[in-house]
Amino acid sequence: MGALIDVILPVFLVIGFGYLVTWRGLFADGAVDGLMRFAQNFAVPVLLARSIARLDLGASYDAGLMISFYTGALCAFALGIAGARLLFGRSGPDAVAIGFACLFSNSLLLGVPITERAYGTEALAGNFAIISLHSPLLYTIGIVAMEAVRSRGTGAGLGRVGLNALLGVLRTPLVIGILAGFALQAYMALSGQDLPEPLWAAMTMMANAALPAALFGLGGVLYRYRPEGDMKAIAMVSGLSLLLHPAITYGLGRWAFDLNTGLLRSAVLTAAMAPGINAYLFANMYGTAKRVAASSVLLATAGSILTIWLWLAVLP
């Protein structure tokens, strides 16, 4: 019970506060959009750049960590597509969008604050190592899969589809923040000099604003979503995201790769997060399975209060 109260509830109370004031009309839709634009386009990319610039690459980029997490993610993606097609009879594009909701966990806005509250700031190295690949890799996989399904029978080459997907991913603010972090780290390594203290201080101020603003705004965004659509499909997305993905990650990380305690915690907690807003944005971008994606984000986020508690109890 202590983990639920001390670690999980503060994060969800901030989300709930954003939901409440938006519901009661105290925070307008335009204000929610502006806050999320600030968080996602500016503050969060600065947080990523600052965190990755200070990562110990040798210690954080562990092959077992990456394989454990991304094997679980890809299994959830494949099963989500198969379930949508075979169990629910959804179209190819619908199935890919539903599979993407199973694939894309909310690694940053939920995974980072939950891990930080549970284990401290020093426990976040594994989280940021995963996050540095998360958006670039998973968006590329999702876009390539969607474009392959949509272009079937049109003669479009998969190589062209992949190139367009990669170019699109490289333009996103989160990926720009990640690349900036690697560039800063390379500069410091090659020059042998740290960045000027005023620059670090300014980045720290922006980074400190990122998660509270994003969590509050997330509550406002979730208010717009209604639990509509196929409840069986939503239940499948929630189960694959909240239970299967972290279970595979835990099994591989603990028994196949013998990850140390810190990396195992980062991998499993990141895998245990509900689908992020990006799951809905992906569906909305292609105009397919939007209700299922939106409802999955809302209901899985609510359900994750209990499943995160479960995974915190299982972890060493």
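What this report covers is the structure whose coordinates are included nearby. The structure displayed is predicted, hence computed values, not measured ones.

### Some words on helix H11 (residues 231–256)
Now for step 1: A rise of 1.5 Å per residue sets the reference length of H11, with its 26 residues, at 38 Å; its end C-alpha atoms lie 35 Å apart and thus fit the reference within 8%.
Now for step 2: Considering bend angle alone, the principal kink of H11 is centred on Leu240 and spans about 35°.
Now for step 3: Looking at where H11 begins, the residue whose side-chain oxygen comes 2.9 Å from the main-chain nitrogen of Lys232 is Asp230.
Now for step 4: Downstream of H11 by one or two residues, Asp258 has phi in the positive range, about 50°.

### Digging into the side chain of Thr288
Now for step 1: Of note, Thr288 is situated in the loop between helix H13 (277–286) and helix H14 (290–314).
Now for step 2: Exposure remark for Thr288: the relative accessible area of 7% places this residue in the buried category.
Now for step 3: With residues near it in sequence (within four places) discarded, Thr288 still touches Pro93, Asp94, Ala97, Met146 and Ala283.

### Section: the pattern of salt bridges
Now for step 1: Within this structure, the stated rule accounts for 1 salt bridge.
Now for step 2: A salt bridge links Asp94 to Arg90; the nearest nitrogen and oxygen atoms lie 3.1 Å apart.

### Considerations on a nonpolar patch on the surface
Now for step 1: Among the surface-exposed residues, Phe17, Tyr19, Leu20 and Trp23 lie close enough to one another that they form a single nonpolar patch of about 400 Å² accessible area.
Now for step 2: With respect to the helices, strands and loops of the structure, Leu20 is situated in helix H1 (residues 2–23).

Rules used in this analysis
- Residues numbered from 1 in each chain as written.
- Predicted model: local features only at pLDDT ≥ 70, side-chain atom pairs only at ≥ 80, totals over all residues.
- Heavy atoms only, no water.
- Helix = DSSP H or I, 4+ residues; strand = E, 2+ residues; numbered from the N terminus.
- Expected span 1.5 Å × (residues − 1).
- Bend = angle between axes of the 7 residues up to and from the residue.
- Polar contact = N/O pair within 3.5 Å; in protein donor to acceptor, adjacent residues only side chain to side chain.
- Buried < 20%, exposed > 50% of the residue type's maximum accessible area, 1.4 Å probe, protein only.
- Contact = heavy atoms within 4.5 Å.
- Salt bridge = Lys/Arg side-chain N within 4 Å of Asp/Glu carboxyl O.
- Patch = residues over 30% accessible without salt bridge, like charges linked within 9 Å, V, L, I, M, F, W, Y side chains within 5 Å.
- Areas by Shrake-Rupley, 256 points an atom, 1.4 Å probe, with all protein chains shown as cover.

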